[in-house]
Amino acid sequence: MISAQDICKAFNGQPVLRKVSLDLMRGEVVAVIGPSGSGKSTLLRCLNHLETIDSGQLLIEGEVLAETNAAGVCSYVPEAQIRRIGRKMGMVFQSFNLFPHLTVLENVIEAPMVVKGLARAQIVPRAEALLAKVGLLEKRNSYPARLSGGQKQRVAIARALAMEPDILLFDEPTSALDPELTGEVLRTMRELAQEKMTMLVVTHEMGFAREVANRVAFMDRGELIESGPAAEFFAQPKHARTQAFLHNML
Ligand SMILES: Nc1ncnc2c1ncn2[C@@H]1O[C@H](COP(=O)(O)OP(=O)(O)OP(=O)(O)O)[C@@H](O)[C@H]1O
């Protein structure tokens, strides 16, 4: 699980996250929604240590990643620990971030070989099983340039799963896709949710948030305004800012 408490983050003196607190329990799917520029991606990137926080506390699977003392000084655990904790999380980006010079299969086996030191023969069967799971086994020798956006994103999901993470973080996984290709990616994510994969999903897909997420969190201007069970959240948003946002989106 993830526990983020009172996370603050500024870029060039401009606050982007203002005391954001969010918990993600094991097996839970949480969707983070909100207007453009509200800090959703920054929050996700802070959880995955792609950005550092200025203050607050981050716990990943019960282990401290960063904490802030009474004097307000924030410190991270040592680098080796950061890397080990980081491996508990897999990340899927809006822009896929596949290696263009590697085939689909090579993309999936790269990190387990380089980061975990697994032998190729050890990881290939698992990589092939993951590609079969996302419906792309027949593309294993293709290069990313030959795939559609939806296929690329499904490879990116298989690649993240190949590291056997406890938690998957998705940063607007369908935003770069043509509308007709979002369905196949959302279907894969829905299957993962059914298998009780713990997932935090920054998304503009209200349908996904409503149907698949257990909980929805709404961010606006760097603040986490409210969060709650998906059905309740959509039926009875409590805060006026949430109501206005949903009114425009739905
Ligand atoms: N590396 C950075 N340097 C400076 N400013 C940044 C950086 N990353 C994000 N920001 C700023 O932080 C604010 C929040 O950005 P963020 O990408 O987290 O928002 P978001 O809610 O994910 O938006 P979107 O839905 O458009 O992706 C924005 O004003 C953005 O310009």
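Below is a summary of the structure that appears in this document. (Residues numbered from 1 in each chain as written. Predicted model: local features only at pLDDT ≥ 70, side-chain atom pairs only at ≥ 80, totals over all residues. Heavy atoms only, no water.)

**A closer look at the overall build of the protein**
Threshold: Helix and strand definitions follow DSSP, with helices as H or I runs of at least four residues and strands as E runs of at least two, each counted in order from the N terminus. Three labels apply to residues, based on accessible area from a 1.4 Å probe with only protein chains included: buried if under 20% of the type maximum, exposed if over 50%, partly exposed otherwise in between. Exposure was quantified through the Shrake-Rupley algorithm and a 1.4 Å probe, taking into account, for residues, occlusion by the shown protein chains and nothing else.
Check the secondary structure of the protein and you find 9 helices and 11 strands. The buried share among the 250 residues of the protein stands at 50%. Carbon and sulfur atoms form 49% of the exposed surface of the protein, whose accessible area is close to 11,500 Å².

**A short note on the nonpolar core**
In summary, soluble globular proteins display a tendency toward joint burial of nonpolar side chains. Filter applied, for reference: Note on terminology: a nonpolar core comprises buried Ala, Val, Leu, Ile, Met, Phe, Trp, Tyr and Cys residues joined through side-chain atoms within 4.5 Å.
Within the largest apolar cluster, 50 residues are counted, with the highest numbers of intra-cluster contacts made by Ile33, Phe170 and Met199. With 7 residues, the top contributor of residues to this core is helix 5 (residues 149-162).

**Details of the layout of surface pockets**
Defined as follows: Lining residues are defined by having an atom within 4 Å of a point belonging to a cavity or pocket. Those points lie on a 1 Å grid over the protein atoms alone, cavities being sets where a 1.4 Å probe fits but cannot get out and pockets being open sets with protein on both sides within 12 Å along at least five of seven lines. Grid points are joined across faces, edges and corners, and a volume is the space filled by probe spheres set on the points. Any residue that is not Ala, Val, Leu, Ile, Met, Phe, Trp, Tyr, Cys, Pro, Asp, Glu, Lys or Arg is counted as polar, Gly included; the first ten are nonpolar and the last four charged.
Of the voids in this model, the largest pocket is the one considered here, and its volume is about 680 Å³. Asn48, Gly86, Met89, Met91 and Met163 are, among the 24 residues lining the largest pocket, the residues nearest its centre. Those elements that place two or more of their residues in the lining of the largest pocket are helix 2 (79-86), strand 7 (89-92), helix 3 (104-114) and helix 5. Across the lining of the largest pocket, the residue classes break down as 14 nonpolar, 6 polar and 4 charged.

**Re the pattern of salt bridges**
The test is simple: Each reported salt bridge corresponds to a side-chain nitrogen of Lys or Arg within 4 Å of a carboxyl oxygen of Asp or Glu.
The final tally for this structure, using the stated rule, is 14 salt bridges. Glu61 is paired through a salt bridge with Arg26; the nearest N and O atoms lie 2.6 Å apart. In this pair, Glu61 sits in the loop between strand 4 (55-60) and strand 5 (63-68) while Arg26 sits in the loop between strand 2 (14-24) and strand 3 (29-33), placing the two residues 35 residues apart along the sequence. A relative accessible area of 64% means that Arg26 is categorised as exposed. Here Asp220 ties to Arg241 by a salt bridge, and the two come within 3.0 Å at their closest N and O atoms. In this pair, Asp220 is assigned in strand 10 (residues 215-220) and Arg241 in helix 9 (residues 240-249), connecting sequence segments 21 residues apart. Judged by its relative accessible area of 25%, Arg241 falls in the partly exposed class.

**Structural notes on the site of the ligand**
Where we set the bar: For each residue, the test is whether any non-hydrogen atom lies within 4 Å of the molecule or strand; if one does, the residue is near. Definition of a polar contact: a pair of N or O atoms within 3.5 Å, with one able to donate and the other able to accept a hydrogen when the atoms are protein atoms, and with sequence-neighbouring residues admitted only if both atoms are side-chain atoms.
All residues in the neighbourhood of the ligand are listed as Phe11, Val16, Pro35, Ser36, Gly37, Ser38, Gly39, Lys40, Ser41, Thr42, Glu172 and His204. The separation between an oxygen atom of the ligand and a polar main-chain atom of Gly39 is 3.0 Å. Note that an oxygen atom of the ligand is positioned 2.5 Å from one of the side-chain N or O atoms of Thr42.

**A look at the environment of Ala240**
Topologically, Ala240 is positioned in helix 9. With relative accessibility at 53%, the residue Ala240 sits in the exposed group. Sequence spacing of Ala240 and Ile225 is 15 residues, and the spatial spacing of their C-alpha atoms is 9.7 Å.

**Re empty space enclosed by the protein**
Under the counting rule described, the total for this entry stands at 1 cavity of 30 Å³ or more. Of the volumes computed, that of the largest cavity is approximately 40 Å³. For the largest cavity, the full set of lining residues is Lys133, Val134, Ile157, Leu161, Thr188, Glu191, Leu192 and Glu195. Those elements giving two or more residues to the lining of the largest cavity turn out to be helix 5 and helix 6 (179-194).

**Quick notes on the sheet that holds strand 1 (residues 2-11)**
In any sheet, the strands associate via hydrogen bonds between backbone groups, in a parallel or an antiparallel arrangement. Cut-off, in case you're wondering: When DSSP finds two or more bridges between two strands, those strands count as paired. Comment: axis = line fitted to C-alpha atoms, over the contacting stretch for helices; angle = value between 0 and 180 degrees taken between N-to-C directions. Only heavy atoms enter the contact rule, under which two residues are in contact if any of them lie within 4.5 Å.
Strands sit in the order 2-1-4-5-6 across an open sheet of 5 strands; the sheet is antiparallel. The open sheet terminates on both sides in strands that have one partner only, identified here as strand 2 and strand 6 (74-76). The mean inter-strand angle of the sheet, taken between neighbouring strand axes irrespective of direction, is 20°. Of the strand pairs in this sheet, strand 1 and strand 4 are connected by 5 bridges, and their pairing is antiparallel. Paired with Ala4 across the two strands is Leu58, which belongs to strand 4. Docked against the sheet, helix 1 (residues 40-47) engages strand 1, strand 2, strand 4 and strand 5, running at close to 65° with respect to strand 2.

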